[in-house]
Amino acid sequence: MAKPAPRIGSRRNGRIGLRKSARRIPKGVIHVQASFNNTIVTVTDVRGRVISWSSAGTCGFKGTRRGTPFAAQTAAGNAIRTVVDQGMQRAEVMIKGPGLGRDAALRAIRRSGVILSFIRDVTPMPHNGCRPPKKRRV
């Protein structure tokens, strides 16, 4: 009985971590999604493949504290720390959503030492699309 051939990229032969850390990314895109309940920061390369991400919930904030500016600042710092180690120097920032963490996340990104080429607000705005729900009568 012949031995099965080892799969490339399997956890047993330890190549997964090697391939992930070997990537050098000089330029990337930082997406900040700030809702009222949470802030999610995702760092991608120029093609859109996710390199690193973090959110206020994964940083240990629970409940209503996830929507605070401090939680957004912590999430942005965690997401960017890993990509700065991989060699990212330049980035574009896309901010989406009306939450409190927009400015705090941007402040944390600026402090990280990454050069920002531009900052764009990509919050979806309806051109009078759906009918809003009826007004509450209390």
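Structure's up top.
Structural notes, computed from the coordinates. Note that this is a predicted model, so its numbers are computed, not measured.

This part takes up the side chain of Thr 39. By the secondary structure assignment, Thr 39 is in strand E2 (residues 39–45). For Thr 39, a relative accessible area of 0% corresponds to the buried category. Beyond its immediate sequence surroundings of up to four residues, Thr 39 is in contact with Val 32, Gln 33, Ala 34, Ser 54, Ser 55, Ala 56, Arg 66, Ala 72, Ala 75 and Gly 101.

Turning next to helix H2 (residues 69–85). Structurally, the α-helix is built with 3.6 residues per turn, so residues lying three or four positions apart point the same way. Taking 1.5 Å of rise per residue, the 17 residues of H2 would be expected to cover 24 Å, and the 25 Å separating its terminal C-alpha atoms lies within 8% of that figure. Along H2, the positions that sit buried rather than exposed are Ala 71, Ala 72, Ala 75, Ala 76, Ala 79, Ile 80 and Val 83. Along the axis of H2, the buried positions cluster into a sector of 150°, meaning they face one direction only. What points out from H2, more than 90 degrees from its buried face, is the exposed set Phe 70, Arg 81 and Asp 85. Contact partners of the buried residues in H2: strand E1 (27–34), E2, strand E3 (50–55) and helix H3 (101–111). A positive backbone phi angle near 100° is found at Gly 87, which sits one or two residues after H2.

Reading the values: rules and limits
Note that residues are indexed from 1 along each chain, following the sequence as it is written. In keeping with the model being predicted, local features are shown solely for residues with a pLDDT of at least 70 and side-chain atom pairs are shown and tallied solely at 80 or more, while totals for entire chains, interfaces and linings include all residues. In computing side-chain values, all of the structure's heavy atoms are included and hydrogens and water are not. By definition, any uninterrupted DSSP run of H or I lasting at least four residues is a helix, any uninterrupted run of E lasting at least two residues is a strand, and each is numbered from the N terminus. Only protein chains enter the calculation, and the probe is 1.4 Å; a residue is then buried if its accessible area is under 20% of its type maximum, exposed if over 50%, and partly exposed in between. We call two residues in contact whenever any of their non-hydrogen atoms come within 4.5 Å of each other. The span expected for a helix works out to 1.5 Å for each residue beyond the first. Starting at the helix axis, one direction is taken to each C-beta atom, and the arc is that of these directions.

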